[in-house]
Amino acid sequence: MGTGERNQEAHVPEGTTGATNRAAQAADTAASAPRTPAPASAPRTPAPASAPRTPAPGTAPTPATTPAPAAGPAPRTLAESLRARPDDSLAALLRARPDLLSPVPGDLTQLATRAGTRASVVRALERLDTFALQTAQVLAVAPDPAPYEAVLALLAGDDGDAEVERALPGALAALREQALVWGGDDRLRLVRTARELLAPSPTHPSPTGLGPTVAESTSGMSPGRVQEILQTAGLPATHDPVSAVAALTSLFTDRARMAELLDSAPSDALTVLDRLVWGPPYGEVSADPPPPVRWLRDHGLLLPASARTLVLPREVALHLRAGRAHRTTEPVAPAVTPLREYRPQVVDAAAAGQAFTALTTVEDLLAEWNEGGPAVLRAGGLSVRDLKRTATALDLPEPTTAFWLELAYAAGLLASDGEADERYAPTPEYDDWLDLPPAERWTRLALAWLAATRTAGLVGEQDAKGRTLAALGPDLDRSPAPEVRHRVLTLLTTLPAATSPEPGSLLARLRWEHPARSGPADLRSRLAQWTLSEAELLGLTGRGALTTHGRVLLTPAAGAAEREALGALAAQALAPHLPEPVDHVLLQADLTAVAPGPLRRPLAAMLGVLADIESKGGATVYRFTAGSVRRALDAGRTASDLQAFLTEHSRTPVPQPLSYLIDDVARRHGHLRVGAASAYVRCDDEAMLGEIMADKRSGPLHLRRLAPTVLATTAEPGALLDGLRSMGYAPAAESAEGDVVITRADSRRTPRRTAPVPVPDGPPHPDETLLDAAVRAIRAGDTAATVVRKEPPDSARTDGSGSGSLPRTSSAETLATVQAAAMTGSAVWIGYVNAEGAASQRVIAPVRVEGGFVTAYDHTADEVRTYPLHRITGVAELADPA
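Per-chain numbering applies: the sequence of each chain, read as written, is numbered from 1 onward. Only residues with pLDDT of at least 70 are given local features in this predicted model, and only at 80 or more are side-chain atom pairs given and counted; all residues enter the totals for whole chains, interfaces and linings. With hydrogens and water excluded, all non-hydrogen atoms of the structure serve as input to the side-chain values.

### Description of the overall build of the chain
A count of helical and extended segments in the chain gives 35 helices and 25 strands. Summarising the internal contacts of the chain: among those between residues at least 6 apart in sequence, 67% fall at separations of at least 24. Throughout, the Shrake-Rupley method with a 1.4 Å probe supplies accessible areas, and for residues the shown protein chains are the sole cover considered. Roughly 40,500 Å² of accessible area belongs to the chain as shown, and the carbon and sulfur atoms make up 54% of that amount. The secondary structure listing takes helices from DSSP runs of H or I that are at least 4 residues long and strands from runs of E that are at least 2 residues long, numbered from the N terminus. Two residues qualify as a contact provided that any one of their heavy atoms is within 4.5 Å of a heavy atom in the partner residue.

### Looking at the confidence of the model for the chain
One number per residue, pLDDT, summarises how confident the predictor is, and it ranges from 0 to 100. Within the chain, residue pLDDT values average 83, and 87% of them lie at 70 or more. Below a pLDDT of 50 lies the segment residues 1-70, which in the model reaches 131 contacts outside its immediate sequence neighbourhood of four places, other chains included. Here residues 795-804 scores under 50 on pLDDT; set against residues more than four positions off or in separate chains, the count is 14 contacts.

### Observations concerning helix α35 (residues 811-824)
Counted at 1.5 Å a residue, the expected span for α35 with its 14 residues is 20 Å, and the 20 Å between its end C-alpha atoms agrees. Under the scheme applied here, a residue whose accessible area is under 20% of the maximum for its type counts as buried, over 50% as exposed, and between as partly exposed, the area being computed with a 1.4 Å probe on protein chains only. Of all the residues in α35, the buried ones are Thr 814, Val 818 and Ala 821. End-on view of α35: buried residues confined to an arc of 55 degrees, all on one side of the axis. For α35, the exposed residues set more than 90 degrees away from the buried face come down to Ala 812, Met 823 and Thr 824. Structurally, α35 contributes buried residues whose contacts are with β21 (828-833), β22 (839-850) and β25 (872-877). To estimate the expected span of a helix, subtract one from its residue number and multiply by 1.5 Å. To obtain the arc, one takes the directions from the helix axis to the C-beta atoms.

### Focus: the side chain of Ser 81
With respect to the element layout, Ser 81 can be found in helix α3 (residues 78-83). Classification of Ser 81 by relative accessible area gives buried; the value is 14%.

### Thoughts on the nonpolar core
As used in this record, nonpolar core signifies buried Ala, Val, Leu, Ile, Met, Phe, Trp, Tyr and Cys residues forming a set joined through side-chain atoms within 4.5 Å. The biggest cluster of nonpolar side chains holds 93 residues, and the ones touching the most others in it are Leu 82, Leu 94, Leu 111, Leu 139, Phe 252, Leu 301 and Leu 302. Per element, the largest residue contribution to this core is 8 residues, and it comes from helix α7 (residues 130-141). When neighbours within four sequence positions are excluded, Phe 252 is seen to be in contact with Val 214, Met 258, Leu 261, His 299, Gly 300, Leu 301, Glu 315, Val 316 and His 319. Judged by nonpolar contacts, the second largest core, of 48 residues, contains Trp 404, Ala 471, Ala 570 and Ala 571.

### Things to note about helix α25 (residues 523-538)
Structural remark: α-helix, 3.6 residues per turn; residues separated by three or four positions point the same way. The first and last C-alpha atoms of α25 sit 21 Å apart over 16 residues, in line with the 22 Å expected at 1.5 Å per residue. Residues Arg 524, Ser 525, Leu 527, Ala 528, Trp 530, Thr 531, Glu 534, Ala 535 and Leu 538 constitute the buried set of α25. The elements touched by buried residues of α25 are α18 (344-368), α20 (398-410), α22 (438-451), α23 (481-492), α24 (503-513) and β10 (541-542). For the purposes of these results, a polar contact is taken to be a pair of N or O atoms within 3.5 Å, where, inside protein, one atom must be able to donate a hydrogen and its partner to accept one; residues adjacent in sequence count only when each atom of the pair is a side-chain atom. For α25, the side-chain oxygen to backbone nitrogen distance between the N-cap and Arg 524 is 3.2 Å, and the N-cap itself is Asp 522.

### Points about a negative patch on the surface
On the surface, Asp 684, Asp 685, Glu 686 and Glu 691 cluster together into a patch of negative charge. Mapped onto the elements of the fold, Glu 691 is located in helix α32 (residues 686-694). Patches here: salt-bridge-free residues with over 30% relative accessible area, like charges joined within 9 Å, nonpolar side chains (Val, Leu, Ile, Met, Phe, Trp, Tyr) joined within 5 Å. We count a salt bridge whenever a side-chain nitrogen from Lys or Arg sits within 4 Å of a carboxyl oxygen from Asp or Glu. The convention is simple: Lys and Arg are positive, Asp and Glu are negative, and His and the chain ends are not counted. Charge placement uses NZ in Lys and CZ in Arg. For Asp and Glu, CG and CD serve respectively.

### What about the packing of aromatic side chains?
For Phe, Tyr and Trp, rings pair up if their centres lie within 6.5 Å, where Trp contributes its six-membered ring, and each pair is then called stacked (planes under 30 degrees apart), edge-to-face (over 60) or tilted (otherwise). The tally for this structure, following the rule as stated, stands at 4 aromatic pairs. For the ring pair Trp 369 and Tyr 424, a centre distance of 6.1 Å and an interplane angle of 25 degrees mean the geometry is stacked. Residue Trp 369 is located in the loop between α18 and α19 (384-394), and its partner Tyr 424 is located in strand β8 (residues 424-426); the two are separated by 55 residues in the primary sequence. Across this residue pair, the class does not change: Trp 369 and Tyr 424 are buried. Seen from the ring of Trp 433, Arg 441 lies directly overhead, with NZ or CZ sitting 5.4 Å from the centre. A ring has a charge above it when a Lys NZ or an Arg CZ is no more than 6 Å from the ring centre and no more than 35 degrees off the ring normal.

### Notes on the sheet that holds strand β13 (residues 592-595)
The strand order across the open sheet built from 4 strands is β12-β13-β15-β14, with neighbouring strands paired in antiparallel fashion. The open sheet has two edge strands, β12 (586-588) and β14 (612-615), and neither has a second partner. Each strand axis lies, on average, 30 degrees off the axis of its neighbour in the sheet, ignoring direction. Strand pairing is assigned whenever DSSP detects at least two bridges linking the two strands. Direction of pairing for β14 relative to strand β15 (residues 620-623): antiparallel, over a ladder of 3 bridges. Between the N-to-C directions of two axes lies an angle of 0 to 180 degrees, each axis being a line fitted to C-alpha atoms and, for a helix, fitted only over the stretch in contact.

Below, the structure is given as structure tokens:
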């Protein structure tokens, strides 16, 4: 079926798909059946369904819960059904299926056509929950149109199901809201594209496991063969194939007569049916089938789909299933079961500890790359070796390190510098982030994680082309990630406070909500598992339970301002549980300092320059070395500054070895000066320069004496500094003006960059303002498209156009008509050519006519516009309403 034929869903009345289409479908069924072998015999025999409690689908009695049919005339098309909807219902449709808004449809016929396209229908089906999808699948195998009772019978079966009866109205309402089903409860219609996607065929088995109907299976069969089946089944012969098929269908849908027929079947034949009943309904047989299969074929219980393939008719399968279309109907979402309950204080305290660890981990990571991180791969991302090196430096597993890298990148704290030799480095936003209070810093990370589409769990896996996915690489975006994270954490809010979920029940609930996107190892299930572990790492959950500050962040927010306000509230909830920063250390005689808790930001920053971190834990141990002291001197500090700093912030006296170390390094610091010659060394002490020249370790530097107090080299200044320091000297860098260059440990920063924008999962969701404007525009366009115009007399036609076309009137007639419409307040139909020469037809209500222009309310555009009279090609009055 072509696109143009499918598009007729919008404007072709019901009843146009008849026996021709059904015959074509049956011919396709017979031509392309799958080659699944059907067993000839087996030891087990099924028990056929007992006598019917409910008639066959389509004839079941009306249940007590059946909604009344819609009032008014039944719509003949999807467009008419949409036209009868109120504005809030149209807005709900556009909200549920935002792809229909790109661009805004001109009228309701265009909206119906777009809602029936394959891509849009597939996207809508993917967002259905399990029961709504099962309802749509039932409508695809039910008669078209199907009464409510037939749908209920196929879902509930002969024995009925109270939960199905309660849930079915809601499922149909959801399908109607998304324009997948239209018509009243007495004539439910699934949109044609959805029926094509869900209906059974040899090349595309139905999720229900049902096969074609008797009429479809016998469409290519000779009339004589159909009469033979009737005779074998004990039915009287008929005069034509149509009545013969009807008789056979009547037999298979009569529960009592079918039970009698199956009672006479051999046990091996019942075993064959038992293996086909829940699908696939096709089976391959040899030219000489075994007796059980031959008996089923002769009685029409298996019908030929091709020369070597038999199919179980739909009516027979439904009888064996006791009227159910699905083996298991799931009208109710599975509940998320609790695993363990804690005290809220325990959960919040555990999560706060992890939140503080998250902050220190991100700080340590970016401090590791402060002076320039690893190089960026040519294809983008971080190499496996650099990831391992970073994981070793942080003492973390590689997957966890990849998560922190991706989180810092998503929060805009880390980026590539964009240089020719491109490397990763912290961004200027990182410095702003460090100045925030700890709780606000954590909120920035949490909000970035919730909205990010980058998926750290994919690092190390291979893409479709066999390439390994690298951390910080370009192929880690997965658009469903934010939705899954929000949904997983929202489901945790359904449990009592401080209660952890049973992970299996959580995954089962997610699979029920989106079955079309789920599978044994589907992306959504993996995203859900990663969400649980990452939320624990980040401190959104504690011991698996959602925290108080986590619940605040999950509150629905309409815009960026509301999200920022929620972040502030979450920070307030978290702050009391974070450890209080301390402003002192304990200096020890072994050249170490112990920080008894998290340090205040200025103290931690200075101590990180003056000493090296030796160990972490409940208390952080710093070690002072000659290199670390020189690093502080390079940053512009003097020996007296360092002594005063330690005296001020230490609860113990400054040990003598530490004072000696600082003074000794400071005395030698800057005695040598290094500049660019490529590089040079100058010193007032000629003997020291002679000592350097005589040292064998200076050979790789290729030094030569330019003057008694100056040495020059071809090496770069940085290499010369490093070489002299490795020889035990403490040189200082010098500027072109001869001043000492002060370097900072955090001097390497990228240009200011914005955080990566999440990749949307389909079209963006429209806000209420856009929805309101779109509904008004569609209504206005539909009014203009469906209005009936009054035909002018033949004398008014100047172009000889036939009846039904817009007249081309003279300028005088045009002016008189629009003036009369302005006086009476009526609407007219005009032809208009704009400045670019594009012609269009519009319905306008003239308000004022003067100066060669007509000002009118344009029903097509739903706004007031001004039109030059000389560009109006013709005008006609609208017909009076019937």
